[in-house]
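Chain residues, written in single-letter form:
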Amino acid sequence: MENIGHTEFTFNSEDFERVRKLIHARAGISLADSKQNLVYSRLSRRIRKLGMRGFTQYLDFLERSHGEEWTEFTNALTTNLTSFFREAHHFDILREHLLSQPAGKIRLWSAASSTGEEPYSMAITACEAFNSECPPVEIIATDLDTQVLEKAARGVYSIDRIAGLSKERQKKHFMKGGGPNAGQCRVKEHLRRMVTFRQLNLLAPSWHIEGQFSAIFCRNVMIYFDKDTQYRVIAKLVRHLNPDGLLFAGHSESFFHAADLVRSCGKTVYRPVQNMKEAS
Ligand SMILES: C[S@@+](CC[C@H](N)C(=O)[O-])C[C@H]1O[C@@H](n2cnc3c(N)ncnc32)[C@H](O)[C@@H]1O
């Protein structure tokens, strides 16, 4: 079996296939052929840390292990790219949607929250919509990757992550660090109070999520899933949406293959079909 051009550890197409099957079964993530170098470099770190001889030994160990190594394995292979107010038009729509909701607690879900920029942007939107630091909104933020969730809950970011926000948003919602924390900022307490982070694998047979939401952001994660997996996940998400709820997707994700479940009602924003019929 040919080694795929790496020197420290032998890594051949059989190893890559094995990784591909394992991550697909675990997290629904479909790795393209072009991801061989990424897989090598991310998992090599783990192999080195465990002092193992190479991929075969590592993957045998992984398959025998129960919780912990699987968490490390999935953490290593997820792609966590995100930013504050990414796809800004969604937050304009969210603002209008929040203001149209009946009185009472409004529940929102960020279903692949990564390092937290998305749910905190939802929280800022809620503060602005209600002109309050204590709006009637609670946000559940979940992700598969435990490492990004830890970072999200800390709410500490490099200052350049908020450079694109207006001065007013920066001042109202972030504390800039001084001394040893210069160059960093922290999300203020009023935003952190609104968001609860927990781990959730969208592929798990049961989700420990109770109740209904007014809006679900499930953005830039479906692109890693094949169409059948996407369909199953959308079907489950829809069950957690209020009748007039909104499902937000990422810029390159379209759910037209799930037209019996959701209908587009704007740029990468969807409503549950059943509820559209009821409303018409
Ligand atoms: C590219 S980030 C998107 C972050 C954010 N939603 C955004 O649009 O900016 C994708 C996130 O999906 C998470 N993810 C991947 N597979 C998942 C799964 N099966 N269940 C839950 N989250 C998953 C990754 O850990 C990663 O943080």
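Provided above is the structure to which this section pertains.
Residues numbered from 1 in each chain as written. Predicted model: local features only at pLDDT ≥ 70, side-chain atom pairs only at ≥ 80, totals over all residues. Heavy atoms only, no water.

A.B. asks: Before we move on, can you summarise helix 6 (residues 117-130) with the specific residues and values?
C.D. replies: Relative to the 20 Å expected for 14 residues at 1.5 Å per residue, helix 6 spans 20 Å between its end C-alpha atoms, a close match to the ideal helical length. Helix 6 sits mainly inside the fold: 12 of its 14 residues count as buried. Residues of helix 6 that are buried include every one of E117, E118, P119, Y120, S121, M122, A123, I124, T125, A126, C127 and A129, and no others. Among the residues trailing helix 6, N131 stands out with phi positive, at a value near 50 degrees. (Helix = DSSP H or I, 4+ residues; strand = E, 2+ residues; numbered from the N terminus. Expected span 1.5 Å × (residues − 1). Buried < 20%, exposed > 50% of the residue type's maximum accessible area, 1.4 Å probe, protein only.)

A.B. asks: If you had to explain the pattern of salt bridges to someone new, which residues and values would you point to?
C.D. replies: Applying the stated criterion to the full structure yields 14 salt bridges. Linking D33 and R20 is a salt bridge whose minimum nitrogen-to-oxygen distance equals 2.9 Å. Of the two residues, D33 is situated in the loop between helix 1 (13-27) and helix 2 (36-49) and R20 in helix 1; the sequence distance between them amounts to 13 residues. You can call D33 exposed: its relative accessible area is 53%. Note that E69 and R46 form a salt bridge whose closest N and O atoms lie 2.9 Å from each other. Placement of the pair is E69 in helix 4 (residues 68-77) and R46 in helix 2, with a sequence separation of 23 residues. Assessed through its relative accessible area of 6%, E69 is described here as buried. Taking the relative accessible area as the measure of exposure, R46 reaches 15% and is therefore buried. Three or more residues are tied together by salt bridges with common partners; here these are E17, R20 and D33. (Salt bridge = Lys/Arg side-chain N within 4 Å of Asp/Glu carboxyl O.)

A.B. asks: So, the site of the ligand: which residues are in play, and what are the values?
C.D. replies: Taken together, 22 residues form the shell around the ligand, and within it T82, R86, A112, D143 and N220 come nearest. Measuring from an oxygen atom of the ligand, one finds a side-chain N or O atom of D143 at 2.6 Å. Grouping the constituent residues of the shell around the ligand by class yields 10 nonpolar, seven polar and five charged. (Near = heavy atom within 4 Å. Polar contact = N/O pair within 3.5 Å; in protein donor to acceptor, adjacent residues only side chain to side chain. Nonpolar A, V, L, I, M, F, W, Y, C, P; charged D, E, K, R; others polar.)

A.B. asks: I'd like to hear about the sheet that holds strand 5 (residues 184-187), residue by residue, with values.
C.D. replies: Spatial strand order, 3-5-4: three strands in an open sheet with antiparallel pairing. For this open sheet the edge positions go to strand 3 (156-158) and strand 4 (174-176), each flanked by a neighbour on one side alone. Here the average twist between neighbouring strands, direction ignored, is 30 degrees. Pairing of strand 3 with strand 5 involves three bridges; the strand directions are antiparallel. Residue pairing across strands places Y157 opposite C185, the latter belonging to strand 5. (Pairing = 2+ DSSP bridges. Axes fitted to C-alpha atoms, helices over the stretch in contact; angles between N-to-C directions.)

A.B. asks: Explain the packing of aromatic side chains residue by residue, including any values.
C.D. replies: Applying the stated criterion to the full structure yields 15 aromatic pairs. Their ring planes at 50 degrees and their centres at 5.7 Å tell us that F11 and Y40 sit as a pair that is tilted. Taken together, the residues F11 in the segment before helix 1 and Y40 in helix 2 connect sequence positions 29 residues apart. The exposure class of F11 is buried, given its relative accessible area of 0%. Classification of Y40 by relative accessible area gives buried; the value is 10%. Ring centres of W109 and F213 lie 5.4 Å apart, and the angle between their planes is 40 degrees; this geometry places the pair in the tilted category. (Phe/Tyr/Trp six-rings, centres within 6.5 Å; stacked < 30°, edge-to-face > 60°.)

A.B. asks: Any chance you could break down the environment of K188 for me, citing the residues and the numbers?
C.D. replies: With respect to the secondary-structure elements, K188 resides in the loop between strand 5 and helix 9 (189-194). Once the C-alpha coordinates of K188 and S83 are considered, the two residues, 105 residues apart in sequence, prove to be 17 Å apart. Once you skip the residues sitting within four places of it in the chain, K188 turns out to touch K171, K172, H173, F174 and M175. For K188, the side chain forms a polar contact with the main-chain oxygen of K171, separated by 2.9 Å. (Contact = heavy atoms within 4.5 Å.)

Read these as geometric descriptors, not functional statements.
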